[in-house]
Number of protein chains: 2
Amino acid sequence: MFKKILLVEDIDTISHGIAVKMKQEVGVVDIIIAQYCDNAYLKFIKAEKDQEPFDLLITDLSFKKDYRESTISSGEQLIKKLRDQNYNIPIIVYSIEERPSVIKKLMNWYGVSAYVFKGRNSVKSMINALKATKKKERFISAELSATLRKKEIFTLEEFDTILLLQLSKGNTQEEISVILKEKSISPSSLSSIEKRLNRLKEELKAKTTIQLVANAKDLGLI
Amino acid sequence: MFKKILLVEDIDTISHGIAVKMKQEVGVVDIIIAQYCDNAYLKFIKAEKDQEPFDLLITDLSFKKDYRESTISSGEQLIKKLRDQNYNIPIIVYSIEERPSVIKKLMNWYGVSAYVFKGRNSVKSMINALKATKKKERFISAELSATLRKKEIFTLEEFDTILLLQLSKGNTQEEISVILKEKSISPSSLSSIEKRLNRLKEELKAKTTIQLVANAKDLGLI
DNA sequence: TTTGTGGTTACGGGAAACCGTAAAAATGAA
DNA sequence: TTCATTTTTACGGTTTCCCGTAACCACAAA
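Counting from 1, residues in each chain are numbered in the order their sequence is written. Just so you know, chain letters begin at A and ligand numbers begin at 1, following the order they were written in. Two thresholds apply to this predicted model, a pLDDT of at least 70 for residue-level local features and 80 or more for giving and counting side-chain atom pairs, whereas whole-chain, interface and lining totals are computed over all residues. Side-chain descriptors were evaluated using all non-hydrogen atoms of the structure, hydrogens and water having been removed beforehand.

A. Quick peek at the overall build of chain A. Secondary structure follows DSSP: runs of H or I at least 4 residues long count as helices, runs of E at least 2 residues long count as strands, and numbering of each begins at the N terminus. Secondary structure summary: chain A contains ten helices and six strands in total. Along the three orthogonal principal directions, the C-alpha set of chain A runs to about 65 × 35 × 30 Å. Taking the intrachain contacts of chain A between residues at least 6 apart in sequence as the baseline, contacts between residues at least 24 apart amount to 63%. The criterion used for residue contact is that any of the two residues' heavy atoms lie within 4.5 Å.

B. Molecular detail of the protein's contact with DNA strand D. Near DNA strand D, the surroundings consist of 13 residues, among which Gln173, Glu194 and Thr209 of chain A together with Ser188 and Ser191 of chain B are the closest. Throughout this document, a residue counts as near a molecule or strand when at least one of its heavy atoms sits within 4 Å of that molecule or strand. Backbone atoms, meaning sugar plus phosphate, form 54% of the atoms of DNA strand D positioned within 4 Å of the protein. Polar contacts, as used here, are pairs of N or O atoms within 3.5 Å; protein pairs need one atom able to donate a hydrogen and one able to accept it. Residues neighboring in sequence count only if both atoms are side-chain atoms. Here a phosphate oxygen of DNA strand D sits 3.1 Å away from a polar atom, N or O, in the side chain of Ser192 of chain B. Elements that contribute at least two residues to the surface near DNA strand D include exactly helix 8 (173–182) and helix 9 (190–203) of chain A together with helix 9 (190–203) of chain B.

C. Spotlight on the interface of chain A and chain B. At the junction of the two partners, chain A supplies 41 residues and chain B supplies 41 residues. Buried area is calculated as the accessible area (1.4 Å probe) missing from two parts once they are joined, with the contributions of both summed. Counting the surface lost from both chain A and chain B, the interface buries some 3200 Å², and carbon and sulfur atoms represent 59% of this. Note on definitions: salt bridges are taken to be side-chain nitrogens of Lys or Arg within 4 Å of carboxyl oxygens of Asp or Glu. Connecting chain A to chain B are four salt bridges. Among the salt bridges present, the one from Asp218 of chain A reaches Lys217 of chain B, with a minimum N-O distance of 3.1 Å. Inspection of the chain A/chain B interface yields 20 residue pairs in polar contact (both at pLDDT 80 or more). Counting only elements with at least two residues in the side of chain A that touches chain B, the list comes to helix 1 (12–26), helix 5 (122–134), helix 7 (158–168) and helix 10 (209–218) of chain A. Classes in brief: Ala, Val, Leu, Ile, Met, Phe, Trp, Tyr, Cys and Pro nonpolar; Asp, Glu, Lys and Arg charged; the others, Gly included, polar. Its residues assigned to classes, the side of chain A that touches chain B shows 14 nonpolar, 15 polar and twelve charged.

D. Seen up close, the sheet that holds strand 5 (residues 114–117) of chain A. All names here are of chain A. We call two strands paired when DSSP finds no fewer than two bridges between them. Strands sit in the order 2-1-3-4-5-6 across an open sheet of six strands; the sheet is parallel. What marks the edges here is a single partner per strand, and that holds for strand 2 (30–34) and strand 6 (139–140). Here strand 4 (residues 91–95) runs beside strand 5; their pairing, made up of four bridges, is parallel. Looking at the pairing, Ser95 lines up with Phe117 of strand 5. A fitted line through C-alpha atoms serves as each axis, taken over the contacting stretch for helices, and the angle formed by two N-to-C directions is quoted from 0 to 180°. Contacts from helix 1 reach strand 1 (4–8), strand 2 and strand 4 within the one sheet, and its direction differs from that of strand 2 by about 175°. Packing of helix 5 onto the sheet brings it into contact with strand 1, strand 3 (56–59), strand 4, strand 5 and strand 6, and relative to strand 5 it is tilted by some 175°.

E. Just unusual backbone geometry, in detail. All names here are of chain A. Of note, the bond from Ser186 into Pro187 is cis; its omega dihedral lies within 30 degrees of zero at 0°. If you trace the backbone, Pro187 turns up in the loop between helix 8 and helix 9. Unlike most non-glycine residues, Asn86 shows phi in positive territory, near 65°. Checked against the element boundaries, Asn86 lands in the loop between helix 3 (75–84) and strand 4. Classification of residues uses two cut-offs on accessible area relative to the type maximum, computed with a 1.4 Å probe and protein chains only: under 20% is buried, over 50% is exposed, and between them is partly exposed. Take Asn86: its relative accessible area is 62%, and that puts it in the exposed class.

F. The arrangement of the nonpolar core in detail. Note on terminology: a nonpolar core comprises buried Ala, Val, Leu, Ile, Met, Phe, Trp, Tyr and Cys residues joined through side-chain atoms within 4.5 Å. Grouped together as the largest cluster of nonpolar side chains are 48 residues, with contacts concentrated most on Met22 and Ile92 of chain A together with Met22 and Ile92 of chain B. With sequence-adjacent residues up to four places away left out, Met22 of chain A is seen in contact with Gly27, Val28, Ile31, Val123, Met126, Ile127 and Leu130 of chain A. Core analysis: the next-biggest nonpolar cluster, separate from the first, contains 36 residues, Leu180, Ala214 and Ala216 of chain A together with Leu156 of chain B among them.

G. View of the protein's contact with DNA strand C. Lining the immediate surroundings of DNA strand C are 13 residues, of which Ser189 and Ser191 of chain A together with Gln173, Glu194 and Thr209 of chain B lie closest. Counted by atom, the contact set of DNA strand C within 4 Å of the protein is 55% sugar and phosphate. Contact between DNA strand C and Ser189 of chain A: a phosphate oxygen at 3.0 Å from a main-chain N or O atom of the residue. Contact between DNA strand C and Ser192 of chain A: a phosphate oxygen at 3.2 Å from a side-chain N or O atom of the residue. Of all the secondary structure elements, the ones that give two or more residues to the surface near DNA strand C are helix 9 of chain A together with helix 8 (173–182) and helix 9 of chain B.

H. Representation of helix 5 (residues 122–134) of chain B in the model. Under the convention used throughout, the expected extent of a helix is 1.5 Å for every residue step, that is, one less than its residue count. Compared with an ideal rise of 1.5 Å per residue, which puts 13 residues at 18 Å, helix 5 of chain B spans 18 Å between its outermost C-alpha atoms and is within 8% of the ideal. Along helix 5 of chain B, the residues classified as buried are Ser122, Val123, Ser125, Met126, Ile127, Ala129, Leu130, Ala132 and Thr133 of chain B.

I. A look at the sheet that holds strand 3 (residues 56–59) of chain B. Residue and element names in this part refer to chain B. With parallel pairing, six strands are arranged side by side in an open sheet as 2-1-3-4-5-6. Of all strands in the sheet, those bounded by a partner on one side alone are strand 2 (30–34) and strand 6 (139–140). One ladder, built from five bridges, connects strand 1 (residues 4–8) with strand 2; its direction is parallel. Note on strand 2: the bridge partner recorded for Ile5 is Ile31. Contacting strand 1, strand 3 and strand 4 (91–95), helix 3 (residues 75–84) crosses the sheet at an angle of about 155° to strand 3. In the packing of helix 5 onto the sheet, the strands contacted are strand 1, strand 3, strand 4, strand 5 (114–117) and strand 6, and the crossing angle to strand 5 comes to about 175°.

Now the structure itself:
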């Protein structure tokens, strides 16, 4: 099994929980914890230079901001940075993120080997992810594999995002029309705005514009 | 220190992490973990009946939904249910929630004794929370106490909450008026609804009703 | 060229929201 | 009880939103 693991996770109880369980259940020897992405990157590079590289990276995606300023602020950025420098270390992502588009991107673009969902069975999932990764196989938590297959992904175009954001900022449709014209974004007419909002209402099953914005907020689209 | 603790937390790595650390650092004897609120409630009641009650409740606020159907779906609902039945067990909330209104509500309305923020230092915070609770003192994580003092908090009356919720569900003001009349909630006239919405818009600095609902969502008021 | 298609814009009528005013009802104190 | 104050309701006028229709434009296929 893996000997030296770099675990990137900001919430301390989670990293402790993982470390303990991994040692108990899988016999991992050495787990180094980093609470910031920047810190993780430095540790990774240092280990490479010292000829004592990590053989697995487990990372969260989102990290809380605090007083420290950071250049790498998300797990995705960390992964990208490593891949851009041609480090092919196997990576397991451990996150509450469940939007298919995000997961697909990680698996397909960055060659992440496993995606473990932070949930009620994540210890078992993590063990399976480790085993699969060891065998150079892919792994995705059971809770997600279903939704990944089923749900077609619904993403907003830039224009839709602008509309919803402007509405949530308190601008009327007419004001938005003016703003769009000023920025010379096309389309900008009131009609087009209305039409687009209608389409969005259908897609997000909203009766009123208020509900549309509320739903968009719930789904994390804005 | 506390002898028998009920820990309500859905993500298994977190509950493991807490359990391990609490036993190591504070010498807690017995930690029972519940991954669902319903389950937690049942365990709590059973312990009371068996004359072996818990002497502390530690709970998360938000829980993932899965195939199981649940009647209590959030930590707040669980707390409310216990308090409504006059159980005065000390409660520590452990959550990533950082909106002041939510925290204030828990501390003031439900008499939660400590609020621990899920972050990089939450183990230490949790230990301090336990100590404070033992001494019947209050405790709030350092990261939060600052923001709590600064921002003055705005809490809604029940009527306001109904309005905003109905709006976010896609009902028009007229429909809401009908609904209120059916439930014989006073006031129920369109005029009163309009007036109340105007007041809310002022208080939440919203230009439009859409922004009002969006802001309310951001602040965790609905 | 014509024709068709997809996207944008313009416009008009009806619905809902917005805003001010005033009457009616409820509340509370003397 | 009376009187004053607050809350709730009713109503009319204006704005914004909503929705259908139709014109306009660019582009591509025939």
